[in-house]
Amino acid sequence: MKKTVLKCLVFGLSLQLYPFTFSLLAQVYIPPYDLVNSDLRYLQVSGTLSGLDLNQLPVLSDQLIETVRSDLLTTGLSRPQRRLLHQIRQTYTYHDTAAVKGVLQRLLNKVFVNQNQQPAFYLGGRLDLDAVSEPAKIYPALRTFAAVLLPFGVSVVNVMTVDPYAADPPDSRAGNPTYIGKEWRGLSGYTEQAYLLWQTKFSRVTMGRSYVVNGPGRAANLLFSGAARPMDQLCMEFFYKYFNFQAVAAQLDPIAGADRYLNSHRLTLYLKRWQLSVTETILYGGAGQRLEFAFLNPFIFYHGEQMNGPGLNGNTLGTVEISYTGDRWLAYTEILIDDIQLDKEVKGDLEPNELGIVAGFDLADPLEIEGLYLGLEYTALTNRTYKTTARHEWYTHRNVPIGYLLGSDLDCWDLELKKYLNKWQTILNLRYLRQGEGELSKPWDSPWLDSTVTMETGYAEPFPTGVVEKTLDLGLELRWRPAYQRYLFLRINYETIRNYQHTSADQQNLILTLGLHWDFRHRF
């Protein structure tokens with residue numbers, strides 16, 4: 001598994017071009033790595049952005065801007081709230097489309113979005129330069145951006161990435177030795193996003209390569225995380241007032257000659273302060289495997305269809321999410337069910353359950369301290385979660401976990417304390433991780449089938465398993481952000497690791513990161 005990236009000195013320079021007008025932004029996804037996403041969480045917990053679903057990303061800019069505009073008309077906003085809302089509006093909106101006239105135009109406006117605008121073309125890019133002392137190396141990362149905006153809510157977006165970390169050698173602690181793809185002189189590149197989006201008032205269709213991120217967690221999502229590589233997919237969403245339904249059909253990278261596919265469906269209910277979501281996925285494949293039409297049906301129960309067969313093998317997973325928003329606080333949980341053994345008739349029933357959970361609590365402006373945010377989150381995943389006996393059914397895409405980034409056989413406490421002070425932000429983060437030997441890269445094993453195990457003796461294993469690697473990471477970040485287009489930050493991390501890589505070795509590391517971000521916009 002990829003470990004925590006250790007950097008003793010990092011200097012970052014980024015140039016980022018974003019879409020310039022509201023008409024374009026209304027039809028472009030905000031990727032999960034954008035800085036604005038962390039501020040959206042504070043704003044929502046503090047009592048604004050109630051019309052935005054942050055448990056289902058990426059967010060569309062029109063959703064964000066419509067909610068921001070509505071909140072800015074209300075009274076009682078604190079200074080940090082009003083400042084952040086104004087910055088979001090200034091960054092993501094510039095010109096509105098003209099109001100439509102006539103009975104037919106008003107009828108079309110009830111169904112379509114941006115149906116009266118003219119086609120437009122936009123270009124942009126993003127550059128990051130990181131100077132790292134261990135290893136002594138400069139990492140240039142580049143993202144390009146291109147978008148074509150068409151009438152009736154249609155847009156085409158392309159984002160390409162040059163990622164120097166993805167192809168870093170195995171002996172580098174900053175890289176990813178399991179990277180799949182072409183490497184040229186220490187650089188690797190791929191198309192990060194390339195999608196056609198069509199949006200109406202009550203539905204959205206995305207065709208192409210894009211992100212899918214689901215779950216209420218701040219630091220962890222169990223089924224679809226923002227750390228996963230974007231998937232080539234067809235995604236359909238239907239939404240109206242109190243519900244949202246999402247269906248995804250995606251093709252993944254092949255493994256050992258096996259073609260692989262993933263299908264997912266998700267239902268969300270919005271019940272005043274409660275938000276409830278149920279999601280089910282199935283990952284299936286094989287040599288010469290084609291799309292299975294039964295799993296393309298978004299209204300079918302995947303696990304039941306798989307059990308009835310014949311020949312419908314796959315790895316089914318499901319989650320239940322529950323969130324409750326109080327007065328400037330949020331409590332949430334996500335429960336992952338991979339495999340549960342209900343019978344105890346044969347030795348195969350002794351297999352331990354594969355489960356996961358995220359539970360967290362967020363607090364905004366405690367003790368009437370404006371601009372203060374506190375988040376505490378616990379994550380746990382048992383051994384062999386995300387895996388089956390068939391390697392091509394493992395829950396990964398291009399060797400990166402689709403779910404929780406660190407895999408399974410672990411638990412983690414994550415505490416974040418953030419203070420907004422005008423143009424400044426101070427962030428304190430404390431993380432304690434216990435990683436067992438059953439990492440996601442470890443081959444499947446079944447010790448409950450050993451001859452020494454009987455139905456009478458049963459089988460049990462500790463959690464986490466084996467020699468447990470224990471990591472304590474304390475981080476402090478000071479960020480100067482006058483606008484989302486430009487900011488500076490200084491981050492210091494002190495990290496101690498016991499039983500490093502499941503051995504008797506220990507490590508201590510002091511990590512210093514210095515960064516500069518700058519972006520500008522232009523419309524062609």
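Starting afresh in each chain, residues are numbered from 1 along the sequence in its written order. Since the coordinates come from a predicted model, pLDDT governs what is reported: local features require at least 70, and pairs of side-chain atoms require 80 or more to be given and counted, while whole-chain, interface and lining totals use all residues. Computation of side-chain values: all heavy atoms of the structure, hydrogens and water removed.

1. Quick word on the side chain of Ser-225
One can find Ser-225 in the loop between β11 (213–214) and β12 (231–240). The residues touching Ser-225, leaving out its near neighbours within four places in the chain, are Val-212, Val-213, Ile-402 and Gly-403. Strands here mean DSSP runs of E at least two residues long; helices mean DSSP runs of H or I at least four residues long; both are numbered from the N terminus. Residues count as neighbours in contact if any of their non-hydrogen atoms are within 4.5 Å of one another.

2. Quick word on the nonpolar core
Grouped together as the largest cluster of nonpolar side chains are 55 residues, with contacts concentrated most on Leu-40, Leu-64, Ile-88, Phe-224, Tyr-386, Tyr-395 and Tyr-404. Counting residues per element, this core draws most heavily on helix α2 (residues 36–45), which supplies five residues. Core analysis: the next-biggest nonpolar cluster, separate from the first, contains nine residues, Tyr-29, Ala-147, Val-157 and Leu-197 among them. Take the buried Ala, Val, Leu, Ile, Met, Phe, Trp, Tyr and Cys residues and link them wherever side-chain atoms come within 4.5 Å; each set so joined is a nonpolar core. Burial classes follow relative accessibility: with a 1.4 Å probe on protein chains only, a residue under 20% of its type's maximum area counts as buried, one over 50% as exposed, and anything between as partly exposed.

3. Concerning the pattern of salt bridges
One speaks of a salt bridge when a side-chain nitrogen belonging to Lys or Arg is within 4 Å of a carboxyl oxygen belonging to Asp or Glu. With the rule as written, the count across this model stands at 15 salt bridges. A salt bridge links Asp-253 to Arg-260; its shortest N-O distance comes to 2.9 Å. Residue classification places Asp-253 among the buried positions, given a relative accessible area of 8%. On the basis of relative accessible area, Arg-260 is assigned to the buried category, the value being 0%. The shortest N-O distance in the salt bridge between Arg-491 and Glu-477 comes to 3.1 Å. Of this pair, Arg-491 sits in strand β25 (residues 486–498) while Glu-477 sits in strand β24 (residues 469–483), and the two are 14 residues apart along the sequence.

4. Regarding the pairing of β25
Examined bridge by bridge, β24 and β25 share 12 bridges and lie antiparallel to one another. Following the sheet pairing, Asp-473 is matched in β25 by Glu-495. In terms of strand pairing, β25 meets strand β26 (residues 507–518) through 12 bridges, oriented antiparallel. By the bridge assignment for β26, Tyr-494 is matched with Leu-510. By the convention used here, strands pair only if DSSP detects at least 2 bridges between them.

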